[in-house]
Amino acid sequence: TRFEIPKTKEATAHPDEVLHENVHEWVDALNRFLKDGLRDYKKRPYWNKDRTSRGGECLMALQNRPALWGRSIVSNCYGDGGCITTDHAAKTRNDPTRKAKEATDPLVFEKVCSDPLDRTVADWLLKDGIQRVVVGHKPTGDCPAVLSAAYTGVEIVSADTSFSDTTTRTISSSGSSGSGSSSC
């Protein structure tokens, strides 16, 4: 499943791609994708002998812009530093030379920030009643970054989850963080 909003139905190039007309279908598809990826990991938790594949790799790829050819739902850099609504960010995102390479070079998606003011995305979310998107995980500083709903009708909150419920801190190999929850 390609998790993006295409410009047109014809933009769907791969026969296995499914366009989701509403947020609920999209969330259901993401949940199926997660379950399929976890099943794959349980079957193949280790690298194959050539170290070219392992179970669950589709889930690991979700956090990597080049691995998903710029279509990641996770790492499209709301908090990579700088202001992503600047002319410079838009110029980088819309650079014709860079865009011409999108079909052949996945590395052109590095350092390209999503546009939080994108009307197409905002309208798609709003038609299903989504008025707030909360994202996190990547450290972004000591307070959340908030994009007011005044711009698109959708409020965006990007928060560093290391500031989540600190009374339930857990320590893992990747560090510590508190607990948190979300719901739709």
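Take the overall build of the protein chain next. A tally of helices and strands in the protein chain yields five helices and five strands. Counted from the first residue to the last, the protein chain has its helices and strands arranged as α-α-α-α-α-β-β-β-β-β. Expressed as a percentage of the 184 residues in the protein chain, the buried residues total 24%. In the protein chain, the proportion of contacts linking residues at least 24 apart, taken out of those at least 6 apart, comes to 41%. Surface accessibility of the protein chain: about 12,600 Å² in total, with carbon and sulfur atoms responsible for 55%.

We now examine the sheet that holds strand S1 (residues 132–136). The strand order across the open sheet formed by three strands is S1-S3-S2, and the pairing between neighbours is mixed. In this open sheet, the two edge strands, each paired with only one partner strand, are S1 and strand S2 (145–147). For this sheet, the mean inter-axis angle between neighbouring strands, taken without regard to orientation, is 10 degrees. Relative to strand S3 (residues 155–159), S1 is paired through five bridges, and the arrangement is parallel. What sits directly across from valine 133, in S3, is isoleucine 156.

Next up on the list: the pattern of salt bridges. In this structure the tally under the stated criterion is six salt bridges. Across the pair glutamate 102 and arginine 98 runs a salt bridge, and its minimum N-O distance is 2.8 Å.

Although it is not a glycine, arginine 51 adopts a positive phi angle of roughly 55 degrees. Structurally, the position occupied by arginine 51 is in the loop between helix H1 (23–43) and helix H2 (57–61). Classification of arginine 51 as exposed rests on a relative accessible area of 57%.

Turning our attention to the nonpolar core. Membership of the largest hydrophobic core is limited to five residues, which are Val23, Ala122, Trp124, Leu125 and Val154. Among the elements that line this core, the one with the most residues is helix H5 (residues 119–126), at three residues. Sequence-distant contacts of leucine 125, that is, excluding residues within four places in its chain, are made with Val23, Ile130, Val133 and Val154.

Take the pairing of S3 next. Burial analysis of S3 places four of its five residues in the buried class, the great majority of the element. Where S2 lies against S3, three bridges are found, and the strand directions are antiparallel. Considered in S3, the bridge of leucine 147 is made with isoleucine 156.

Now for the packing of aromatic side chains. Counted according to the given criterion, the structure contains one aromatic pair. The interplanar angle of 85 degrees and the centroid separation of 5.8 Å between the aromatic rings of tryptophan 26 and tryptophan 124 together place this pair among those described as edge-to-face. Placement of tryptophan 26 in helix H1 and of tryptophan 124 in helix H5 is noted, with a sequence separation of 98 residues between them.

A separate point is the side chain of threonine 152. If you trace the backbone, threonine 152 turns up in the loop between S2 and S3. Within the structure, threonine 152 has its side chain in polar contact with the backbone nitrogen of valine 154 (distance 3.1 Å). Those residues in contact with threonine 152 that sit more than four places away from it in its chain are Pro116, Leu117, Arg119, Ala122 and Leu126.

Looking at where aspartate 118 falls in the secondary structure, it is placed in the loop between helix H4 (96–100) and H5. Each C-alpha atom, one on aspartate 118 and one on threonine 152, is 7.8 Å from the other, the two residues being 34 residues apart in sequence. Within the structure, aspartate 118 has its side chain in polar contact with the backbone nitrogen of valine 121 (distance 3.2 Å).

What counts and what doesn't
- Residues numbered from 1 in each chain as written.
- Predicted model: local features only at pLDDT ≥ 70, side-chain atom pairs only at ≥ 80, totals over all residues.
- Heavy atoms only, no water.
- Helix = DSSP H or I, 4+ residues; strand = E, 2+ residues; numbered from the N terminus.
- Buried < 20%, exposed > 50% of the residue type's maximum accessible area, 1.4 Å probe, protein only.
- Contact = heavy atoms within 4.5 Å.
- Areas by Shrake-Rupley, 256 points an atom, 1.4 Å probe, with all protein chains shown as cover.
- Pairing = 2+ DSSP bridges.
- Axes fitted to C-alpha atoms, helices over the stretch in contact; angles between N-to-C directions.
- Salt bridge = Lys/Arg side-chain N within 4 Å of Asp/Glu carboxyl O.
- Core = buried A, V, L, I, M, F, W, Y, C linked by side-chain atoms within 4.5 Å.
- Phe/Tyr/Trp six-rings, centres within 6.5 Å; stacked < 30°, edge-to-face > 60°.
- Polar contact = N/O pair within 3.5 Å; in protein donor to acceptor, adjacent residues only side chain to side chain.

It is worth stressing that arrangement in space is one thing and function is another; only the former is reported here.
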